[in-house]
Amino acid sequence: MTIQQPRTHLSPPAWLWDGGAPALSVIIPTRNEADNIRPLLARVENALGRIDAEVLIVDDSDDVTPEIARQAATHSALPVRVHARPAGQRPGGLGGAVLAGLTQARGPVCVVMDADLQHPPELLETLLRVSHTGADFVVASRYVKGGRNQGLEGRYRRAVSKLATRAAKWALRPELAGISDPMSGFFLVRRSCLDLSSLHPRGFKLLLELLVNSPQATVAEVPYTFLARHSGVSKAGIGEGLTYLRRLAELRAEARRAPQRSRRVTTTGHARVNDYSHTRPVQ
Ligand SMILES: Nc1nc2c(ncn2[C@@H]2O[C@H](COP(=O)(O)OP(=O)(O)OP(=O)(O)O)[C@@H](O)[C@H]2O)c(=O)[nH]1
Ligand SMILES: [Mg+2]
């Protein structure tokens with residue numbers, strides 16, 4: 001973990017930053033999250049303390065989210081970049097936005113997290129710490145022991161979420177073996193294990209795409225409590241559900257064509273990840 005010298009609270013905005021690579025890039029996709037972006041950035045800044053990090057917001061909003069984000073960035077101790085994709089140029093929806101973030105990120109490891117505070121920023125340091133044990137992916141999981149799915153309202157949504165997870169684990173059996181929450185939107189990934197140019201994501205579940213794309217990568221999971229949305233409305237709906245099912249079938253076909261199907265877990269990664277009582281190595 002790179003420890004920075006303390007910064008003054010009113011640090012230079014992103015465009016004055018010297019451009020050196022940070023230890024961590026936090027990628028936040030946003031669509032109409034105007035009331036969430038300020039409290040989110042404040043908590044991310046607080047949670048990262050002296051970790052050398054940057055924040056990259058990839059925005060597809062039709063409201064004032066990017067303006068608020070840019071304004072908040074000028075008061076942030078972290079370098080915050082806002083990449084607003086104009087209407088009509090937003091390929092891949094949420095998945096495409098995260099891919100754009102991964103492409104532009106400067107850090108060797110990236111965390112992807114939602115903007116609505118369902119993903120507690122206080123977990124960022126743990127994700128980074130676990131990545132130092134050698135894991136290529138560190139997935140914040142609702143379904144591993146100690147995790148909770150508190151934020152999904154209603155029995156119907158919880159059941160749909162569980163069913164979608166089961167469908168993915170069945171369709172992509174070897175690729176997702178041992179991973180309890182492959183649909184998580186909160187995860188860390190080492191950029192060197194990704195081949196970004198071969199990704200063509202669609203829809204909400206980018207982690208699935210990345211795991212299928214990197215069958216050799218090692219994975220650790222960290223439990224967390226998925227909370228209720230802070231403000232605003234969900235962008236997930238029936239349309240996204242259908243996109244998900246179509247994409248799952250395509251990913252299965254792609255995975256079956258690839259020569260290497262099963263995930264390799266290195267002994268080193270396994271043993272060292274085990275040093276953390278709150279994490280679980282994936283086999
Ligand atoms: N850039 C971008 N971000 C998106 C898009 N759709 C959703 N998001 C963001 O992706 C994150 C997840 O979307 P949500 O609407 O919260 O989906 P969800 O968490 O499954 O649904 P809720 O539990 O109801 O919040 C949020 O930060 C959204 O603002 C999109 O098309 N483009
Ligand atoms: Mg959400």
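Residues numbered from 1 in each chain as written. Chains lettered and ligands numbered in written order. Predicted model: local features only at pLDDT ≥ 70, side-chain atom pairs only at ≥ 80, totals over all residues. Heavy atoms only, no water.

A. Quick look at the overall build of the chain. Within the chain, the regular secondary structure consists of 9 helices and 8 strands. Within the span of the chain, comprising 283 residues, buried residues form 51% of the whole. Counted over contacts in the chain with a minimum sequence separation of 6, partners at least 24 positions apart contribute 83%. Of the accessible surface of the chain, which amounts to about 13,000 Å², a share of 55% is contributed by carbon and sulfur atoms. (Helix = DSSP H or I, 4+ residues; strand = E, 2+ residues; numbered from the N terminus. Buried < 20%, exposed > 50% of the residue type's maximum accessible area, 1.4 Å probe, protein only. Contact = heavy atoms within 4.5 Å. Areas by Shrake-Rupley, 256 points an atom, 1.4 Å probe, with all protein chains shown as cover.)

B. Summary view of the site of ligand 1. Around ligand 1, the surrounding shell holds 19 residues, and the nearest of these are Glu33, Asp60, Asp116, Ser234 and Lys235. Here a nitrogen atom of ligand 1 and a backbone polar atom of Val58 are 3.1 Å apart. Within the side chain of Arg229, an N or O atom sits 2.9 Å from an oxygen atom of ligand 1. Protein coverage of the free-state accessible area of ligand 1, which is 640 Å², stands at 92%. (Near = heavy atom within 4 Å. Polar contact = N/O pair within 3.5 Å; in protein donor to acceptor, adjacent residues only side chain to side chain.)

C. Layout of the pairing of strand S6 (residues 187-190). Pairing between strand S4 (residues 109-112) and S6: 4 bridges, direction antiparallel. Across the sheet, Cys110 pairs through a bridge with Val189, a residue of S6. The sheet contact formed by strand S5 (residues 137-141) and S6 spans 3 bridges and is antiparallel. In the sheet register, Phe137 faces S6, and the bridge partner there is Val189. (Pairing = 2+ DSSP bridges.)

D. Structural context of the coordination of the magnesium ion (ligand 2). Looking at the magnesium ion (ligand 2), one finds its protein donor set to be Asp116 (OD) and Gln118 (OE1), positioned 1.9 to 2.0 Å from the metal centre. Like Asp116, the residue Gln118 is buried in the burial classification. (Donors = N, O, S within 2.8 Å, 3.2 Å for Na, K, Ca; no water.)

E. The side chain of Thr243, seen in detail. On the secondary structure map, Thr243 appears in helix H8 (residues 238-257). Given a relative accessible area of 15%, Thr243 falls into the buried group. Not counting chain neighbours up to four residues away, the residues in contact with Thr243 comprise Arg202 and Gly203.

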